[in-house]
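Letter by letter, the chains look like this.
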Amino acid sequence: MPELTNEPHARNAMEDTGQLPIMFGGPGPSLLRDEPAERTGPDYEAIQRSPEFTGLRSRLRRFIFPVSLLFFAWYLAFVLLAAYAHEFMSTRVFGSVNVAMLLGLAQFASTVLITAAYLRFANRRLDPQVAAIRRSVDR
């Protein structure tokens, strides 16, 4: 059994710089040269600065943030009701089914509805923009 010590483990100098070589994609750029590596493929920084990409991110955020906040508020309300409104949550609606069971099932239903809404939004609004950006990069 190895002995446990407080000494730091042996480290690779490239771990400290965050410049580990590419693992499976070929030789990658040389970390020993001072000259910049040759670019192959798209210029991702230019794509991120483009108005099309910033518009895409903005459109995505306008959907994601409000829906996430709405769902979080809905979930928090359910948790708070379960914790502090025992009498209300134990109110029978029909048979053995009470308000807590219905609201718990509504949590699952709202998750499915949000997923379906996002898929529809992505297919109609995001995917066409992504395809346009890809076409402009491939030229």
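For the structure itself, consult the block above.
Read on for an overview of the structure. Along each chain, numbering runs from 1 in the same order as the chain's sequence is written. Whole-chain, interface and lining totals are the exception, using all residues; otherwise, since this is a predicted model, local features are given only for residues with pLDDT of at least 70 and side-chain atom pairs are given and counted only at 80 or more. For side-chain calculations, the full set of non-hydrogen atoms in the structure is used, while hydrogens and water are omitted.

Considerations on the side chain of S110
To keep things clear, this is the line we draw: Helix and strand labels come from DSSP, where a helix needs a run of H or I of at least four residues and a strand needs a run of E of at least two; each type is numbered from the N terminus. By definition, residues are in contact when any of their heavy atoms lie within 4.5 Å.
Considering the arrangement of structural elements, one finds S110 in helix α5 (residues 99–138). Sequence-distant contacts of S110, that is, excluding residues within four places in its chain, are made with F71 and W74.

A few points about α5
Using the following cut-off: One fewer than the residue count of a helix, multiplied by 1.5 Å, yields its expected span. One axis is fitted to the seven residues ending at the residue and one to the seven starting there. The bend at that residue is the angle between these axes. Only protein chains enter the accessibility calculation, which uses a 1.4 Å probe; a residue is then buried when its area is under 20% of its type maximum, exposed when over 50%, and partly exposed in between.
For α5, with 40 residues, the first-to-last C-alpha span of 55 Å sits near the 58 Å given by 1.5 Å per residue. Of all the bends found along α5, the most pronounced is centred on A122 and spans about 45°. Among the residues of α5, those classed as buried are V99, L103, G104, Q107, S110, F121, A122, L126 and I133. Looking at the packing, one finds that the buried side of α5 touches α2 (44–49), α3 (51–84), α4 (86–89), β1 (92–94) and β2 (97–98).

Side note on the nonpolar core
For clarity, the threshold we go by: Within this scheme, the nonpolar core is defined by two criteria: the residues are buried Ala, Val, Leu, Ile, Met, Phe, Trp, Tyr or Cys, and they are joined through side-chain atoms within 4.5 Å.
Formed by I47, F53, L56, F63, F121, A122, L126 and I133, the largest nonpolar core amounts to eight residues. Of all the elements in the fold, those that place two or more residues in this core are α3 and α5. Per-element tally for this core: the top contributor is α5, with four residues.

Points about a nonpolar patch on the surface
Our working definition: Put simply, a patch holds well-exposed residues, over 30% relative accessible area, that have no salt bridge, with like charges counted together within 9 Å and Val, Leu, Ile, Met, Phe, Trp or Tyr side chains within 5 Å. All accessible-area figures derive from a Shrake-Rupley calculation using a 1.4 Å probe, and residue coverage is judged against the displayed protein chains alone. We count a salt bridge whenever a side-chain nitrogen from Lys or Arg sits within 4 Å of a carboxyl oxygen from Asp or Glu.
Side chains of F72, L76, L80 and Y84 sit close together on the surface and give an oily, nonpolar patch of about 460 Å² of accessible area. With respect to the helices and strands, L80 occurs in helix α3. A relative accessible area of 43% places L80 in the partly exposed class.

Details of α3
Compared with the 50 Å implied by 1.5 Å per residue over 34 residues, the 48 Å span of α3 between its first and last C-alpha is a close match. Listed in full, the buried residues belonging to α3 are F53, L56, F63 and F78. Check the buried side of α3 and you find it contacts α2, α4 and α5.

Regarding the environment of A117
Checked against the element boundaries, A117 lands in helix α5. Accessibility expressed as a relative area gives 36% for A117, which makes it partly exposed. As a C-alpha pair, A117 and V67 span 50 residues in sequence and 9.9 Å in three-dimensional space.

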